[in-house]
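Structural characterization, general
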Amino acid sequence: MEKAYSPGEIETRTYQRWESSGAFAPSGEGEAYCIMLPPPNVTGTLHMGHAFQHTLMDTLTRWHRMRGYSTLWQPGTDHAGIATQMVVERQLGAEGKHRLDLGREKFLERVWKWKAESGSTITRQMRRLGTSVDWSRDKFTMDPELSRGVTEVFVRLHEEGLIYRGKRLVNWDPVLLTAVSDLEVLSEEENGSLWHIRYPLAQGAGHVVVATTRPETLLGDTAVAVNPDDQRYQPLLGKQLTLPLTGRTIPVIADGYVDAAFGSGAVKITPAHDFNDYEMGLRHNLAQINIFTPDAKLNENAPERFRGLDRFDARKQIVAELEAAGLIEKIEPHKLKVPRGDRTGAVIEPYLTDQWYVKIAPLAEPALKAVEEGRTRFVPENWSKTYYEWMRNIKDWCVSRQLWWGHRIPAWYDDAGSIYVGRDEAEVRKKHSLAPDLRLRQDDDVLDTWFSSALWPFSTLGWPDTTAPLKKFYPTSVLVTGFDIIFFWVARMMMMGLKFMGDVPFRDVYITGLIRDENGDKMSKAKGNIIDPLDVIDGISLADLLAKRTSGLMQPHLKDKIDKATRKQFPDGIAPFGTDALRFTFASLAGASRDINFEFGRVGGYRNFCNKLWNGARFVLMTVEGQGDLSGAAELSIADRWIVSRFAATLAQVDSSLKEYRFDFAATALYEFTWYEFCDWYLELTKPVLQGEATTEAQKRGTRRTLLTVLEALLRALHPLMPFITEEIWQRVIPLVAPLAAAADVRATTSRTELLMQARYPASTDYAADSQAEAEVSWMKQFILAVRQIRGEMDIAPSRKIPLLLQNAGERDRALTQKHFAYLSRLAGLEAITPLSAGDAAPESATAMLGDLTLLVPMAGLIDPKAEAERLTKRIAKNESDVGKLKGKLGNASFVKHAPPDVVAADQARLAELESQNLSLAAQLERVRRLGGT
RNA sequence: AGUCGCGUAGCUCAGUGGUAGAGCACCUCCUUGACAUGGAGGUGGUCGGUGGUUCGAUCCCACUCGCGACUACCA
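Predicted, not measured: the structure shown is a model, and the values here were computed from it. (Residues numbered from 1 in each chain as written. Chains lettered and ligands numbered in written order. Predicted model: local features only at pLDDT ≥ 70, side-chain atom pairs only at ≥ 80, totals over all residues. Heavy atoms only, no water.)

1. Things to note about the overall build of chain A
In terms of regular secondary structure, chain A is built from 31 helices and 29 strands. Overall, chain A is about 120 × 65 × 60 Å in size when its C-alpha atoms are taken along their principal axes. Within the span of chain A, comprising 934 residues, buried residues form 54% of the whole. Considering only intrachain contacts with a sequence separation of at least 6, the fraction spanning at least 24 residues in chain A is 78%. (Helix = DSSP H or I, 4+ residues; strand = E, 2+ residues; numbered from the N terminus. Buried < 20%, exposed > 50% of the residue type's maximum accessible area, 1.4 Å probe, protein only. Contact = heavy atoms within 4.5 Å.)

Next up, the structure:
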């Protein structure tokens, strides 16, 4: 093995081997375990959020697969209607063409062509992460069989009256020229104005002042509303006003919605261009005057001189004319929330159109109940509140989009305007007994992308057919996703799953946090702080990173700032850390689903961890290889028994952690076992056995076997988190383990498999807990640490072997010292350990205390008395402080009376020990001081 | 306005009703035969503030300050 672990080449080679083996597909007769990959957009590239979530899903998948579950991780991509159409339209734009020039059919051909060529970037990138999805089942939301499911759902919902077509106000994107759902509108606070406009009374003198943020919609006003209790306006109720610039007259009406305290207390009502006004218009039978064209220019309902003006230009002109007419009372600066399309950023216009809607209440109710009853569980639990909140206030879902790329709505119109819904035209004709020569035209619109996403948990498994995978894997086990799509996706899958499968789509929903940069800022192109997970894996030069971050900026003026910040943070670019280090970082930060600030120091730490594991394995292989048959009689040392016992505890911890989705606990348990117990202590403890002249062949064999089998099982235990390095090492280790499989005391329960991912996950119960070994090794560790502390603080060279004297050694201390002399002397760098008898005179020494036992390191030639005096003073001060606290506690009668007896007893024992230690330490300090002449 | 969350070492984060933890950074010593991506030792925190419950609060409760996210509304 090479001296250092280098991930690059190993990772690609290993992944190819995995994928071609077919081992990602479900196998075995075990219980089903299934995760649906949230299908990334075909237009997408892998970002940190994906990498994070995919790591967790892969960990769960590999863990269950190794535990014998029949495991499916279902991959696929989403056609991403708007996003994809925009990509291709932009391409066309660059060629000076528009989709309308091509026509629907040619345009769609173009999109499919694009998809075939560039649509799989993200799935290629996923492979670098080691994702063990079943690629043979890869799906796309517009695959024919999935599209069939979409049509089926639409038709069935329509038959039940749960899908209807209606003319009402929708969120209209005037750039995309399509309706969008409430969720696709993002409202941000922006600076605007509040215009106070005088509407003159139609008869007599006087006027009413209305306050508005959108003066241009004045042209569509059909009333002015005031609060019915507003005394100021009582006399005006029912009176007519002259609507400026139009000459129309409109009534003053009363409605409880109006807040008398806001603005002037009078509101202009534009039913065709505001959601609240629309509702009020319905209540009062007001006319709806649409004043905009689909691209938000004024239409024929506006006075001639305004027609064709863009809404923002119209605003200027209208305000100017009002001002000229003396109708503007004042203009105040005003902050308001401006609704913008999440794709285009265009200001969304409430717009009257015919659209298809899903009647949501009957679907939401069972979905709400399923979570309330615990049939689907949110992890962490508090996200269920967010879910409830939304589900209880949910409104009908506008599912039609005026786009070309997507699932075309299965509805047909005849020339008379009648609507027929069916699976296809033939079915429609048959169902409605339409004359063969009746002309039918299919609806031009497509469905919201999320409509098909909502079916993902069963459409990918073959629905509407009752397939074997559908029966086996639905409901799926867990959905791993971000809180940002609880509404978009999770809730809708719940509704559709319950409706069409009669059961929830997943048992658990694990909600992850967001990956942010190291300052806690959201990663974005404009901030120039995006980190590409592949750059963390493979590394990237500063020049390439700069190019990546500063090219194609929407706001080019940010370039210098980004350039500077990037140079500062990555003066040498990004070093390659490897996939396993990145994955382990994600896992170790995936706790209670809070946002994660991505820190490179952490990745570096786990890169080092990979190297540690690599070198630990190197040691084991060097120790075991070429040592002949290991299956003969073997005797286990205390260290062998100890490491096995610790491994059992670690596995138990990993098991309970992963069951609760506490990836951080699992990662920490394995990290600590691997580094602190296996490498730091166990490997060192094997050296006296393996290199000692007094040890027997059986003892050496016992240790070699333990080294090998624990390492092999440790690789299995780590594999779900760091699949590449473990596979690489395991392939070298397993040939040595295989011959031992028959030996009774061998704990490797691996069946012979080609790949580590097919091996069995080690179970805690396979390994013997050994309290005696734990107690003795724990004593040894304290002993050794105490000596090392003296050595460290006194700067005694590691190569220097020193003598050690024991004072006040009890039976057990003497016995253990003798029994484990080989370990103690090696790990603490001792040449001899000599217990003193009660009367023996001790030389001047540095001291450490281990309970009642005192360790003495003779100072002669080694230790400066002054330094030792300082060290002792520090220890005593620390002890004194603890003694003070304990005395205070135990002196409190209430504490002694009320606290549990074992807590009181423990404190009393601790106090006694500290006081006795301090007595010895104080005496020692006196002697050292005299020696130092101070 | 409503809902949820966060405030613990210089930084990023775990954690617990009974002696405060990790990684990174920092200081000292060490190239010893797995590993300098390393080893040994060490420095560093009145756990945001105030009050309450309790024998005991960093943890539970109330209030408060600061930060964040989401939902709704804002004419």
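Further notes follow.
2. Here's the deal with the state of the cysteines
A disulfide bridge is the covalent bond that connects two cysteines by way of their sulfur atoms. Enumeration over the complete set of coordinates arrives at zero disulfides. With no disulfide of its own, Cys-610 lies closest to Cys-679 among cysteine sulfurs, the gap being 12 Å. For Cys-610, a relative accessible area of 3% puts it in the buried group. (Disulfide = S-S within 2.5 Å.)

3. Things to note about the nonpolar core
Ranked by internal contacts, the top residues of the largest apolar core, which has 150 residues, are Phe-598, Phe-678 and Phe-783. Broken down by element, the residue count for this core peaks at 16 residues, all from helix α23 (residues 663-691). Beyond its immediate chain neighbours, meaning those up to four positions away, Phe-598 contacts Met-48, Ile-515, Arg-516, Asp-517, Glu-518, Met-523, Ile-531, Val-536, Leu-582, Thr-585, Phe-586 and Val-603. Counting 62 residues, the second-largest nonpolar core is a separate cluster that includes Ile-394, Phe-473, Leu-479 and Met-493. (Core = buried A, V, L, I, M, F, W, Y, C linked by side-chain atoms within 4.5 Å.)

4. Some details on the protein's contact with RNA strand B
Close contacts around RNA strand B come from 58 residues, with Thr-212, Val-267, Asn-276, Lys-337 and Tyr-676 the closest. Arg-910 is positioned with one of its side-chain polar atoms (N or O) 3.5 Å from a base nitrogen of RNA strand B. Residue assignment for the surface near RNA strand B shows that the elements contributing at least two residues are β8 (207-212), β13 (328-341), α21 (600-624), α23, α26 (771-793), α30 (893-898) and α31 (901-932). It is α21 that provides the largest number of residues to the surface near RNA strand B, a total of eleven residues. For the surface near RNA strand B, the per-class residue count stands at 23 nonpolar, 16 polar and 19 charged. (Near = heavy atom within 4 Å. Polar contact = N/O pair within 3.5 Å; in protein donor to acceptor, adjacent residues only side chain to side chain. Nonpolar A, V, L, I, M, F, W, Y, C, P; charged D, E, K, R; others polar.)

5. Re the pattern of salt bridges
This structure, assessed with the given rule, holds 64 salt bridges. Of the charged contacts, one joins Glu-728 and Arg-732 as a salt bridge, the two residues approaching to 2.9 Å between their closest N and O atoms. Within this pair, Glu-728 and its partner Arg-732 are both found in helix α25 (residues 723-737), separated by four residues, close to a single helical turn. Of the residues examined, Glu-728 reaches a relative accessible area of 8% and is grouped as buried. Overall, Arg-732 belongs to the partly exposed group, its relative accessible area being 27%. (Salt bridge = Lys/Arg side-chain N within 4 Å of Asp/Glu carboxyl O.)

6. Quick look at the environment of Gly-166
For Gly-166, the location among the structural elements is in strand β5 (residues 163-173). Once the C-alpha coordinates of Gly-166 and Ala-694 are considered, the two residues, 528 residues apart in sequence, prove to be 91 Å apart. Leave out the neighbours within four places in its chain, and Gly-166 touches Thr-353, Asp-354, Gln-355 and Tyr-357.

7. Concerning the sheet that holds strand β27 (residues 830-835)
The four strands lie next to each other as β27-β26-β29-β28, forming an open sheet whose pairing is mixed. Pairing within the sheet leaves two strands with one partner each, and these edge strands are β27 and β28 (845-850). Neighbour to neighbour, the strand axes of the sheet diverge by 25 degrees on average, direction disregarded. Here strand β26 (residues 802-807) pairs with strand β29 (residues 853-858) via three bridges, running antiparallel. Paired with Leu-806 across the strands is Leu-855, a residue of β29. (Pairing = 2+ DSSP bridges. Axes fitted to C-alpha atoms, helices over the stretch in contact; angles between N-to-C directions.)

8. So, the packing of α26 against helix α28 (residues 821-828)
Closest axis-to-axis distance for the α26/α28 pair is 9 Å, and the angle between their directions is 30 degrees. Between α26 and α28, the angle is such that the two are roughly parallel. As α26 runs across α28, the sense of the crossing is right-handed. Mapping the contact onto sequence places Trp-779, Met-780, Phe-783, Ile-784, Val-787, Arg-788 and Arg-791 in α26 and Tyr-823, Leu-824, Leu-827 and Ala-828 in α28. (Parallel < 35°, antiparallel > 145°, perpendicular 65-115°, else oblique. Left-handed = near helix turned anticlockwise from the far one by under 90°.)

9. Section: the environment of Asp-640
If you trace the backbone, Asp-640 turns up in helix α22 (residues 638-659). With relative accessibility at 0%, the residue Asp-640 sits in the buried group. Note: C-alpha distance between Asp-640 and Asp-221 (419 residues apart in sequence) is 86 Å. If sequence neighbours within four positions are ignored, Asp-640 has contacts with Glu-635, Tyr-682, Gly-702, Thr-703 and Thr-706.

10. What to know about the packing of helix α20 (residues 579-589) against α21
As a packed pair, α20 and α21 sit with axes 8 Å apart at the nearest point and diverge in direction by 120 degrees. Between α20 and α21, the angle falls in the class oblique. Read as a crossing pair, α20 and α21 show a hand that is right-handed. Here Asp-580, Ala-581, Leu-582, Phe-584, Thr-585, Ser-588 and Leu-589 of α20 come into contact with α21, specifically with Arg-602, Val-603, Tyr-606, Arg-607, Phe-609 and Cys-610. Of the residues in the contact of α20 with α21, the class split is eight nonpolar, two polar and three charged.

11. Concerning the confidence of the model for chain A
Caution applies to low-pLDDT regions: their predicted coordinates should not be interpreted in detail. Chain-level pLDDT for chain A is 90 on average; 98% of the residues reach the 70-or-more range. Residue range residues 744-750 is modelled with pLDDT below 50. Its contacts to residues more than four positions away, or to other chains, number 23 contacts. Of the two predicted TM-score estimates for the complex, the pTM is 0.92 and the ipTM is 0.95. (pLDDT = per-residue confidence, 0-100.)

12. Some points on the pairing of strand β1 (residues 32-36)
The element β1 is largely enclosed, with a buried count of four among its five residues. Strand direction decides the pairing type here: β1 and strand β2 (residues 70-74), joined by five bridges, are parallel. Counterpart to Ile-35 in the pairing with β2 is Trp-73. Taking the sense of rotation as the criterion, the β-α-β connection linking β1, helix α2 (residues 48-66) and β2 turns out right-handed. (Right-handed = clockwise from strand over helix to strand, strands pointing away.)

13. A closer look at the side chain of His-196
Checked against the element boundaries, His-196 lands in strand β7 (residues 185-200). A polar contact is formed between the side chain of His-196 and the side chain of Glu-332, at a distance of 2.9 Å. Contact partners of His-196, with chain neighbours within four places excluded, come to Val-209, Val-210, Ala-211, Gly-263, Leu-327, Ile-328, Glu-329, Lys-330 and Glu-332.

14. Side note on helix α8 (residues 275-284)
Along α8, the positions that sit buried rather than exposed are Asp-277, Tyr-278, Met-280 and Gly-281. For α8, the buried positions fall inside an angular range of 170 degrees around the axis, keeping them on one side. For α8, the secondary structure elements touched by its buried residues are β5, β9 (223-226), β11 (249-254), β12 (266-269) and β14 (349-358). Its side-chain oxygen at 2.9 Å from the backbone nitrogen of Asn-276, Asp-274 defines the N-terminal cap of α8. Just downstream of α8, Asn-285 is the residue with a positive phi angle, here 55 degrees. (Arc of directions from axis to C-beta.)

15. Focus: the sheet that holds β7
A sheet is described by the order of its strands in space; here three strands give the open sequence β8-β7-β13, paired in antiparallel fashion. Only two strands of the sheet have a single partner each, and these edge strands are β8 and β13. The average undirected angle you get between the axes of adjacent strands in this sheet is 20 degrees. Pairing analysis gives six bridges linking β7 to β8, with the strands arranged antiparallel. Counterpart to Tyr-199 in the pairing with β8 is Val-208. Set on the sheet, helix α9 (residues 311-324) makes contact with β7 and β13; between it and β13 the angle comes to about 165 degrees.

16. Regarding unusual backbone geometry
Residue Trp-463 is joined to Pro-464 through a cis peptide bond whose omega torsion reads 10 degrees. The topology assignment puts Pro-464 in the loop between α14 (456-459) and α15 (468-473). The omega angle of the peptide bond from Tyr-474 to Pro-475 is -5 degrees, so this bond is cis rather than trans. Even without being glycine, Tyr-661 reaches a positive phi, approximately 60 degrees. Within the secondary structure layout, Tyr-661 lies in the loop between α22 and α23. The backbone of Asn-808 shows a phi angle near 65 degrees, a positive value even though the residue is not glycine. Along the chain, the position of Asn-808 falls in the loop between β26 and α27 (811-819).

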